[in-house]
Amino acid sequence: MFSLMSYQPELTSQLLVNCSVSDNHVPGLIAINSLSLSIYNKTNNKFDVLLLLDTHKLSLRQLFQFQHAQISFGNLYVSLIIYNPTESDARVYRCNVEGDTSFGKNISIVAKKTVEFRGNVTALVEEIRRLKTNYENDLCSLKRDELNSKNNQRSRLLFVSNSKVIKELIDSLTLTCSFQISDDISFENATIQSMHIFHESNGVIAMISGDQPIVRTGLDITSPSIKGELYHNISKVTFLQLTWRKPTFLESGKYFCGAHVKISEKKSDRLNKMLKIIVERPTIEDLFKSVFDLKTLSDEQNQSLHENEKKLKSIEDDFNKQADKLKQSLNDNEQKLKSIEEDFNKQADKLKQSLNANGQKLKSIEEDFNKLADKQKQSLNDNEQKLKRIEEDLISNQQNLSIFRNETKKLVAELSNSQIEWKGQIDKALDNQVLFNSNTKVVLWRTLQQAAHISELQTENTTMKQLQNISNSTLSALTNPVFIATTQYNGTVYLLSNGGLTDNIRYTQTICEVVRGYLVEVNTDAELTFLRNFLQTITPPLVFVYTGGTDEGHEGVWINRYSQTPMKPFWAPHEPSFSVNQNCQTFWKKHDWYMDNLECSHKPVSESGFMCEISE
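Cut-offs used in this document
Residues numbered from 1 in each chain as written. Predicted model: local features only at pLDDT ≥ 70, side-chain atom pairs only at ≥ 80, totals over all residues. Heavy atoms only, no water. Helix = DSSP H or I, 4+ residues; strand = E, 2+ residues; numbered from the N terminus. Contact = heavy atoms within 4.5 Å. Areas by Shrake-Rupley, 256 points an atom, 1.4 Å probe, with all protein chains shown as cover. Pairing = 2+ DSSP bridges. Axes fitted to C-alpha atoms, helices over the stretch in contact; angles between N-to-C directions. Patch = residues over 30% accessible without salt bridge, like charges linked within 9 Å, V, L, I, M, F, W, Y side chains within 5 Å. Salt bridge = Lys/Arg side-chain N within 4 Å of Asp/Glu carboxyl O. Buried < 20%, exposed > 50% of the residue type's maximum accessible area, 1.4 Å probe, protein only. Polar contact = N/O pair within 3.5 Å; in protein donor to acceptor, adjacent residues only side chain to side chain. Phe/Tyr/Trp six-rings, centres within 6.5 Å; stacked < 30°, edge-to-face > 60°. Disulfide = S-S within 2.5 Å.

Engineer: Could you give an account of the overall build of the protein, naming the residues involved and the relevant values?
Structural biologist: For the protein, the helix and strand inventory stands at 6 helices and 31 strands. Long-range contacts, defined here as pairs at least 24 residues apart, represent 61% of the contacts in the protein between residues at least 6 apart. Within the structure as shown, the protein displays about 38300 Å² of accessible surface, and the carbon and sulfur contribution to it stands at 52%.

Engineer: Describe in detail the sheet that holds strand 3 (residues 31-41), supporting the description with residues and values.
Structural biologist: One open sheet accounts for 5 strands, arranged 5-4-3-8-9; its pairing is antiparallel. Whereas interior strands pair on both sides, the edge strands pair on one side only; in this sheet they are strand 5 (59-62) and strand 9 (106-114). Along the sheet, successive strands turn relative to each other by an average axial angle of 25°, direction set aside.

Engineer: Could you give an account of a nonpolar patch on the surface, with specific residues and numbers?
Structural biologist: Judged by side-chain polarity, Ile170, Ile284, Leu287 and Phe288 come together as a nonpolar surface patch covering roughly 390 Å² of accessible area. Along the chain, Leu287 falls in helix 2 (residues 284-431). By relative accessible area, which is 41% here, Leu287 ends up partly exposed.

Engineer: Go over the environment of Ser252, please, and point to the residues and values.
Structural biologist: Relative to the helices and strands, Ser252 is located in the loop between strand 17 (238-244) and strand 18 (253-262). Among residues more than four places away in sequence, those in contact with Ser252 are His199, Ile277, Ile278 and Val279. For Ser252, the side chain forms a polar contact with the main-chain nitrogen of Val279, separated by 2.8 Å.

Engineer: Could you give an account of the packing of aromatic side chains, naming the residues involved and the relevant values?
Structural biologist: Inspection of every chain in the model, using the stated rule, returns 9 aromatic pairs. Arranged with centres 5.2 Å apart and planes meeting at 65°, the rings of Tyr40 and Phe47 form a pair that is edge-to-face. For Tyr40, a relative accessible area of 25% gives the class partly exposed. Members of the aromatic cluster, connected to one another through ring pairs, are Tyr489, Tyr494 and Phe530.

Engineer: Go over the side chain of Ser178 with me, naming the residues and quoting the values.
Structural biologist: Among the secondary structure elements, Ser178 is positioned in strand 12 (residues 173-180). Sequence-distant contacts of Ser178, that is, excluding residues within four places in its chain, are made with Arg156, Leu157, Leu158, Met195, Val237, Thr238 and Phe239.

Engineer: Talk me through the pattern of salt bridges; I want residue IDs and the actual numbers.
Structural biologist: Per the counting criterion, the structure on display carries 8 salt bridges. Measuring nitrogen to oxygen at the nearest pair gives 2.9 Å for the salt bridge that ties Asp286 to Lys167. With Asp286 in helix 2 and Lys167 in strand 11 (residues 165-167), the pair connects residues that are 119 residues apart, well separated along the chain. Overall, Asp286 belongs to the buried group, its relative accessible area being 17%. Notably, a salt bridge pairs Asp592 with Arg532, separated by 2.8 Å at the nearest N-O pair. Remark: Arg532 occurs in helix 6 (residues 525-535) and Asp592 occurs in the loop between strand 29 (584-588) and strand 30 (594-598); sequence separation between them is 60 residues. Given a relative accessible area of 38%, Asp592 falls into the partly exposed group.

Engineer: Describe the pairing of strand 31 (residues 608-615), and please don't skip the residues or the numbers.
Structural biologist: Most of strand 31 is tucked away: 7 of the 8 residues are buried. Direction of pairing for strand 25 (residues 492-497) relative to strand 31: antiparallel, over a ladder of 5 bridges. The residue bridging Leu495 from the neighbouring strand is Cys612, located in strand 31. Pairing of strand 26 (residues 518-519) with strand 31, which is carried by 2 bridges, proceeds in the antiparallel orientation. The residue of strand 31 that forms the bridge with Tyr518 is Glu613. Sheet topology note: the strand 27 (residues 544-550)/strand 31 ladder contains 3 bridges and is parallel. In the strand pairing of strand 31, Val545 is matched with Gly609.

Engineer: Could you give an account of unusual backbone geometry, naming the residues involved and the relevant values?
Structural biologist: In the segment running from Glu575 into Pro576, the intervening peptide bond is cis, with an omega of 0°. Backbone geometry places Asn45, a non-glycine residue, at a positive phi of 55°. Relative to the elements of secondary structure, Asn45 occurs in the loop between strand 3 and strand 4 (46-54). With relative accessibility at 55%, the residue Asn45 sits in the exposed group. Even without a glycine there, the phi angle at Arg516 is positive, about 65°. With respect to the helices and strands, the residue Arg516 is situated in the loop between helix 5 (505-514) and strand 26. Using a relative accessible area of 39% as the deciding quantity, one classes Arg516 as partly exposed.

Engineer: Let's hear about the state of the cysteines: which residues, and what values?
Structural biologist: In the structure shown here, the tally under the stated rule is 4 disulfides. For Cys19, the disulfide goes to Cys95, at an S-S distance of 1.7 Å. Taking the torsion about the S-S bond as the criterion, the Cys19 to Cys95 disulfide, at about 55°, is right-handed. With Cys19 in strand 2 (residues 14-21) and Cys95 in strand 8 (residues 92-100), the pair connects residues that are 76 residues apart, well separated along the chain. The residues Cys19 and Cys95 share a single accessibility class, namely buried. Paired through a disulfide, Cys177 and Cys257 show a sulfur-sulfur distance of 1.5 Å. Of the two residues, Cys177 sits in strand 12 while Cys257 sits in strand 18, which places them 80 residues apart along the sequence.

Scope: geometric values only; no functional claims are made or implied.
Okay, here's the thing in structure tokens:
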């Protein structure tokens, strides 16, 4: 989980110690608070902290001063480079990560690395032996790969240069170290931990590890440009590339490319490749060739510059032409704008004159309005006086109305008693078939001064003469409380009988004729709407209200009793029913007072009424 890389002192001119967290994650920790790099102190037998990184604030504290060293840090890594290391730097280094667990406990996880001191000769011999062993292993691996029938190659490290012989300060030098993946199943789950490029004299030039940026370590050589990418997923190529634009003789020598590959939890592999680069002093011929190449390049650039000058000249001429056209267009537009401005000023003057004239008109209107307001004010004062007199009259009328109400109550009581007597005599007369005589009519007479009573049967001429003398006020007295009258509609008044007056439709037509009318005949949608609205205002118990419509004696053919004309079809949905006994048309409350057919004599009597139509 931690990588701490070191190089032996005396073998190189520098020692690199890198303390980092791989994959930005430590098993068991949900938060990483700090990362520290320590060195073991043999005197007091403990580790002294050299560098302490606060991972939350990304701030580094240096607790020990170095004379010749370079320090770098970033997200979850700290790197220390010691130049010209001595035997005292060959000690145990410790990388310590402190963080919180999921249970809220703060713990530390430690990784250690020991740097041993060896003489130059011994170290070089060991390095030569290691490189030879790696070379032999590569040869063995190559032979095994050649024998593989499926032509699978082991994953390998590639280290190439643009040229192995470089002319000093003339040619450029590019070294590319890459880890190329094969189809070898043993590397299927491998991850790359780190990669570096090492010079035999100048030491580690650059390295890349984990998710950390590239670390540049060479200070004694001409600084190259460095780029690279490290991928834990081996399906992508990891590489590290150095480029010197003008290499010097100091860049000559052996270069080593190294990569640390973790194959599994218990197995890892370190791969190395070597290149020998020669940076030669340029000869006279090289210099002449370089000068010739430079001159050729200069001539080509001069030729290109000359052609570009021509193009620029042409562009400049086109620009000047376009500028002249634009200038002419601007002048024309300026003249047009000047003309528009003059027209605008003229229109503004006209508008100003019109506003002045309108101002005079408004002033005149204001004066007329003030005069009219004074008149209205006077009229309101007069109306106020009139209203005051009307209010006094209303108070007087209210007193008279109270007296009238008392008298009306007495009259209603008398009329109720008379109604019972009147109904009995009518029924008796009908039983004697008196009303079926065409020369006779029933006469109903009520006065406002006496209790209601039923008059004797008169001849038709005498009855009509008496009815013509009945005034509107007498008719109102005659019908109340037996009928409820509507407001006038197109010169017509409709009378709705109270429930319980009669249970036979033959009586109702005769009663309507007594009050100068006939059973209602509905002829238009507007008339139907007026009557339905009126019926919706009455209080129970009426459920059915008979009209003049009937198919009695001609089943299925509906006509009006009085006019004998075809009846307008204002039926409720699914009506009329085809019952031979239901021969009379009614308004039905259940159907929101649309039409229904019903028996011409319906029980109970209290639910049914009838409506008379009286035209002026």
